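Analysis of the macromolecular model
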Amino acid sequence: MKKQHDANADLSRHNYNELLNTLEAICTRHPGINSYLNNRYSANGAGDIHYPALCVTPGEIRLTENTNIYNFNLLYVDRLTESRDNLVTIHSIGITTLTELVNAFREHVNSFDTTGATLHVFQGQFADETVGVVANIELTTVADLGACEWFYQ
């Protein structure tokens, strides 16, 4: 069951959890995604996955004076047929789907910036005879480090 979040929320001063919720809201709206997974280990043989699936995994977070820079991996995963003749088709659809998602992040979320993505195709990383595409994306928001009032109390 897909959760509904406000995909147009202003992320300029939101926390990490709200950022993840917005990513989920955008990804689950894509018509080519049937399951959303919040960690890559969910894709290892869970019986309730409806392919194609998308998994978001966090990466490095860099805090600068003016920005917070978040790195995420978006994994598009689909099942191979028994003959394995749909490998290139899955990769092609995965590249298109992830490109559309990156464009959605860029175009539809306020105060949120992405410089693009690096994509890699993969095979044999999960159970269920799946293959797919991984996109590494970097998302930048306005920093809200605060003045550390607690330190002076």
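What you are looking at is a predicted structure, and each value in this text was computed from that prediction instead of being measured.

**Thoughts on the pattern of salt bridges**
One pass over the structure, following the stated rule, counts 3 salt bridges. Residues joined by salt bridges that share partners form a network here, namely Glu-60, Arg-62 and Glu-138.

**Description of the nonpolar core**
Counting residues in each nonpolar core, the largest one holds 24 residues, and the members touching the most others are Leu-54, Val-56, Phe-72, Leu-74, Leu-98, Phe-105 and Ile-137. Elements represented by at least two residues in this core include exactly helix H1 (16–29), strand S2 (53–63), strand S3 (67–79), helix H2 (87–108) and strand S5 (130–142). Ranked by residue count, the leading element in this core is H2, at 6 residues. Counting 9 residues, the second-largest nonpolar core is a separate cluster that includes Leu-37, Ile-49, Tyr-51 and Leu-75.

**Description of unusual backbone geometry**
Residue Pro-52 is reached from Tyr-51 by a cis peptide bond, and omega for that bond is -5°. Locating Pro-52 in the fold gives a position in the loop between strand S1 (35–37) and S2. Backbone geometry places Arg-84, a non-glycine residue, at a positive phi of 65°. We classify Arg-84 as partly exposed; its relative accessible area is 42%.

**Describing the side chain of Thr-28**
Relative to the assigned elements, Thr-28 resides in helix H1. We classify Thr-28 as buried; its relative accessible area is 7%. Only 3.4 Å separates the side chain of Thr-28 from the backbone oxygen of Ala-25, close enough to count as a polar contact.

Calculation criteria
Residues numbered from 1 in each chain as written. Predicted model: local features only at pLDDT ≥ 70, side-chain atom pairs only at ≥ 80, totals over all residues. Heavy atoms only, no water. Salt bridge = Lys/Arg side-chain N within 4 Å of Asp/Glu carboxyl O. Core = buried A, V, L, I, M, F, W, Y, C linked by side-chain atoms within 4.5 Å. Buried < 20%, exposed > 50% of the residue type's maximum accessible area, 1.4 Å probe, protein only. Helix = DSSP H or I, 4+ residues; strand = E, 2+ residues; numbered from the N terminus. Polar contact = N/O pair within 3.5 Å; in protein donor to acceptor, adjacent residues only side chain to side chain.

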